[in-house]
Amino acid sequence: MSVGLLTLALGLIRIGAQPTYDERVSVRSSSQGLGLIRELSRTTEAPHVVYYVLLHYWLLAFGKAVWVARLPSVIAGALAAVVTVLLGERLFGRLAGLMAGLVLVTNSSFVAMEQTARSYSATVLLVVFATYMLVCAVEAPSRLRWLLWAGAVAAAAWMNFFAISVLGAHALALISLRDRVGRRAPLLGLAAVVVAVFPIALLISFGDTRQLDWIPAPTPDILVSAIWKWTGRNPLLLLAAAAGIAVLITGAARLLERWKALLLCGWLVAPMTMALALSVVHPAFVSRYLLTASPAVALLSGVGIVSLRRKPAVLLAALLLIAATVRLVEHYADLAHAVPPNV
C-alpha cells in the first residue's frame, strides 16, 4: 500500500503541466460523441478506440482539464505498482517485491507514462495483473484464475496491441510447467485470448492509414536509445536488472525455478522482439512501446539486489534510488518549462 501511495504522490506532482500533442489528440478524440469515436476507429485511431471510449465517459463526468484527463493514468500507475509488489512477493519473497515496487515507481519513464493521458499506464496495469493471475493459476489452479488471466491479457491488447507480446513470456513459462499444470486450461485460455483479440487486430489492420509512417527504421543507435529511455536513463537500474538475470539463469538464489526465469526474461524482451519483428514489414520500434516490460525490469532488479550480501545490496539499492531521484527531478523540471505544442 505504501508503494501505491508513493506512486500516486509522484504522479500528482505537476499533473497540470502543458499537455503533449498526443494528449491533446486524446482529449479531442474522446470529447467527441461515440459515433465519431467509432469513425476514428476506422482510420488512424483504431489502436486507441477502447481508451477513447473510457476517457469519453470520464471527461463527461469530471470535465476536460488537463489534470482530469491524466488522473486515470495516475491511478492506473499506482495500482500497477501495487500489483508489481504483490507479484514480486509471490515469486521471490516480501523484500524482493518491495524493492521491485520502489524501483518501478522511481523510474522516471514510468512516472512520465503515468502522467500522460494515453493508454500506456492502464496497459501496464493489465499486463502486470495478467501475469499475477498466471502465477496464481500456476500455484493454485482454478477455473476463475485462468479466466481472469485470459481476460486481462485480452483487455491489455485492446488497450494497446503491443501488450499481446506478453503472451510469449507466459507461453514460455507454461511450456516449462506443462507436467505441473497440464495443457487443457492454458490452451483454453489461449484460445479465448485469440478469439477476444481478433476483432481489434482486424480493426487495426483495416484502419491502418499510414499512421506509423513517421517511425524510422530501427538501427543500433535507436535500439540503444530506446532501452536507455525505457530504464529511466539510469545505468544502475541496468546493473541491478543484469544481476537479477544472472541470478535467475544460474539458479544462484534458493527456491528459484526455471519457469520463473523464463517468465521474467521472456517478459523483458517480449515487446522489443515484437516491435523488431513488425519492423521487418514496417518500422514500428518506439521506446514507449516497450513500457509494458517496465515491471519485468523492476522485478529483475529486485531479485538482483536482494540476492547480494547485505552491504553491497544496501549500497546498490541506495545508489540506484539516488540516481532515480535525480532523473525524477529532471523530469519535473522539464514539465515546469514545457510550452504548449502547436496543433
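Residues numbered from 1 in each chain as written. Predicted model: local features only at pLDDT ≥ 70, side-chain atom pairs only at ≥ 80, totals over all residues. Heavy atoms only, no water.

1. A look at the pattern of salt bridges
In the structure shown here, the tally under the stated rule is 6 salt bridges. Residues Arg94 and Glu89 are paired through a salt bridge, measuring 3.7 Å at the closest nitrogen-oxygen approach. Classification of Arg94 as exposed rests on a relative accessible area of 66%. Residue class for Glu89 comes out partly exposed when judged on its relative accessible area of 28%. The partner of Arg327 in a salt bridge is Glu330, with the nearest N and O atoms 3.0 Å apart. Of the two residues, Arg327 and Glu330 are both situated in helix 17 (residues 310-336); the distance of 3 residues between them amounts to about one turn of the helix. With relative accessibility at 30%, the residue Glu330 sits in the partly exposed group. Among the ionic contacts, a cluster of salt bridges with common partners joins Arg233, Arg327 and Glu330. (Salt bridge = Lys/Arg side-chain N within 4 Å of Asp/Glu carboxyl O. Buried < 20%, exposed > 50% of the residue type's maximum accessible area, 1.4 Å probe, protein only. Helix = DSSP H or I, 4+ residues; strand = E, 2+ residues; numbered from the N terminus.)

2. As for the environment of Leu134
One can find Leu134 in helix 8 (residues 120-139). According to the relative accessible area criterion, Leu134 is buried, its value standing at 1%. Put simply, Leu134 and Trp146 are 12 residues apart on the chain and 7.0 Å apart in space, counted from C-alpha to C-alpha. If we skip the residues at most four places from it in the chain, Leu134 touches Trp146, Trp149, His170, Leu174 and Leu263. (Contact = heavy atoms within 4.5 Å.)

3. Quick notes on the packing of helix 14 (residues 235-250) against helix 17
Close contact between helix 14 and helix 17 brings their axes to 8 Å; oriented N to C, the two are set at 145°. Taken as a pair, helix 14 and helix 17 cross one another with a handedness that is left-handed. For the pair formed by helix 14 and helix 17, the contact residues are Leu236, Leu237, Leu239 and Ala240 on the first element and Leu316, Leu319, Leu320 and Ala323 on the second. Class assignment of the residues belonging to the contact of helix 14 with helix 17 gives a composition of 8 nonpolar, no polar and no charged. (Axes fitted to C-alpha atoms, helices over the stretch in contact; angles between N-to-C directions. Left-handed = near helix turned anticlockwise from the far one by under 90°. Nonpolar A, V, L, I, M, F, W, Y, C, P; charged D, E, K, R; others polar.)

4. Let's talk about helix 10 (residues 166-176)
Along helix 10, the residues that are buried comprise Val166, Leu167, Ala169, His170, Ala173 and Leu174. Projected down its long axis, helix 10 shows its buried positions confined to an angular sector of 160°, all on one face. (Arc of directions from axis to C-beta.)

5. A few points about the side chain of Asn234
You can see Asn234 is positioned in the loop between helix 13 (220-230) and helix 14. Looking at Asn234, its side chain comes within polar contact range of the main-chain oxygen of Leu320, at 3.2 Å. Ignoring anything within four residues of it in the chain, the contact list for Asn234 reads Trp228, Leu320, Ala323 and Ala324. (Polar contact = N/O pair within 3.5 Å; in protein donor to acceptor, adjacent residues only side chain to side chain.)

6. A short note on the packing of helix 9 (residues 143-159) against helix 10
At a minimum axis distance of 12 Å, the contact between helix 9 and helix 10 shows a crossing angle of 150°. As summarised for this structure, helix 9 and helix 10 are arranged roughly antiparallel, according to the angle between their axes. Where helix 9 approaches helix 10, its residues Trp146, Trp149 and Val153 are matched on the opposing element by Leu167, His170 and Leu174. Partitioning the contact of helix 9 with helix 10 into residue classes produces 5 nonpolar, 1 polar and no charged. (Parallel < 35°, antiparallel > 145°, perpendicular 65-115°, else oblique.)

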